[in-house]
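Chain by chain, the residues run as shown.
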Amino acid sequence: MLTDEYLYKILKELQQDPDLSQRELAKRLGISLGKANFCLKALIEKGLVKADNFKNNANKVSYLYLLTPKGLEEKITLTHRFLQRKLSEYAELEKEIAILKKDIKESK
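Because the structure is predicted, anything quoted here is derived from the model rather than measured.

K.L.:
Tell me about the environment of Ser62, and please be specific about residues and values.
P.N.:
Turning to its location among the elements, Ser62 is positioned in the loop between strand S1 (49–53) and strand S2 (63–67). The buried category is assigned to Ser62, whose relative accessible area is 19%. C-alpha separation for the pair Ser62 and Leu20, spaced 42 residues apart in sequence, amounts to 8.9 Å.

Written as structure tokens, this is what we have:
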């Protein structure tokens, strides 16, 4: 299953570095090469990413992974959701930190 977080991270990496190899993508995301391959195939099938062979490249198995207009829209949506989730987590952490600081003050 391709989670929103992985989908966001993959689209972000590909937008920044379209000639990224599957091996390098897997390394950057901390996932297996097989999972990276599975995710890229799923994104291509969904129409979010287009894979093109490099022209004039001696290594014909190298691809250029380009976000489609649909992929760019999805990345924007995911970025918004990811930001909202992280802001919520941050707010919860701030509350927890305040409680811990209060506990420390009271125990002195």
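K.L.:
Could you give an account of helix H1 (residues 4–16), naming the residues involved and the relevant values?
P.N.:
Helical geometry: 3.6 residues make up each α-helical turn, so side chains three or four residues apart lie on a common side. If you check H1, its first and last C-alpha atoms are 18 Å apart, about what 13 residues at 1.5 Å a residue would give, namely 18 Å. Turning to H1, its buried residues number three or more, namely Leu7, Tyr8, Ile10, Leu11, Glu13 and Leu14. Packing partners of the buried residues in H1 comprise helix H2 (22–29), helix H3 (33–45), S1, S2 and helix H4 (69–106).

K.L.:
Give a detailed account of the environment of Tyr65, specifying residues and quantitative values.
P.N.:
Residue placement: Tyr65 occurs in strand S2. On the basis of relative accessibility, which here comes to 5%, the residue Tyr65 falls in the buried class. Each C-alpha atom, one on Tyr65 and one on Leu20, is 7.5 Å from the other, the two residues being 45 residues apart in sequence. With residues up to four places along the chain from it excluded, the contact list for Tyr65 reads Leu14, Pro18, Leu20, Gln22, Leu40, Ile44, Val49, Lys50 and Ala51. In terms of polar contacts, Tyr65 uses its side chain to reach the side chain of Gln22, at 3.1 Å.

K.L.:
Account for the environment of Gln22, naming residues and giving values.
P.N.:
Considering the arrangement of structural elements, one finds Gln22 in helix H2. In the structure, Gln22 is positioned 17 residues away from Cys39 in sequence and 9.9 Å away in space, judged by C-alpha atoms. In this structure Gln22 touches Leu33, Ala36, Asn37, Leu40 and Tyr65, once residues within four positions along its chain are discounted.

K.L.:
Any chance you could break down the nonpolar core for me, citing the residues and the numbers?
P.N.:
Counting residues in each nonpolar core, the largest one holds 21 residues, and the members touching the most others are Leu7, Ile10, Leu11, Leu14, Leu25, Leu43 and Val49. Put simply, the parts of the chain that give this core at least two residues each are H1, H2, H3, S2 and H4. Counting residues per element, this core draws most heavily on H1, which supplies five residues.

K.L.:
Run through the packing of aromatic side chains, naming residues and quoting values.
P.N.:
In total, this model carries two aromatic pairs according to the counting rule given. Seen in terms of ring centroids, Tyr8 and Phe82 are 4.6 Å apart; in terms of plane orientation they differ by 25°. Their pairing is stacked. Of this pair, Tyr8 sits in helix H1 while Phe82 sits in helix H4, and the two are 74 residues apart along the sequence. Judged by relative accessible area, which is 13%, Tyr8 ranks as buried. Relative accessible area serves as the criterion here: at 16%, Phe82 is assigned to the buried category. Centre to centre, the rings of Tyr63 and Tyr65 are 6.2 Å apart; their planes meet at 40°, and the pair counts as tilted. According to the relative accessible area criterion, Tyr63 is partly exposed, its value standing at 36%. Sitting over the ring of Tyr6, Lys35 keeps its end group 4.3 Å from the ring centre.

What counts, and where the lines are drawn
- Residues numbered from 1 in each chain as written.
- Predicted model: local features only at pLDDT ≥ 70, side-chain atom pairs only at ≥ 80, totals over all residues.
- Heavy atoms only, no water.
- Helix = DSSP H or I, 4+ residues; strand = E, 2+ residues; numbered from the N terminus.
- Buried < 20%, exposed > 50% of the residue type's maximum accessible area, 1.4 Å probe, protein only.
- Expected span 1.5 Å × (residues − 1).
- Contact = heavy atoms within 4.5 Å.
- Polar contact = N/O pair within 3.5 Å; in protein donor to acceptor, adjacent residues only side chain to side chain.
- Core = buried A, V, L, I, M, F, W, Y, C linked by side-chain atoms within 4.5 Å.
- Phe/Tyr/Trp six-rings, centres within 6.5 Å; stacked < 30°, edge-to-face > 60°.
- Lys NZ or Arg CZ within 6 Å of the ring centre and 35° of its normal.

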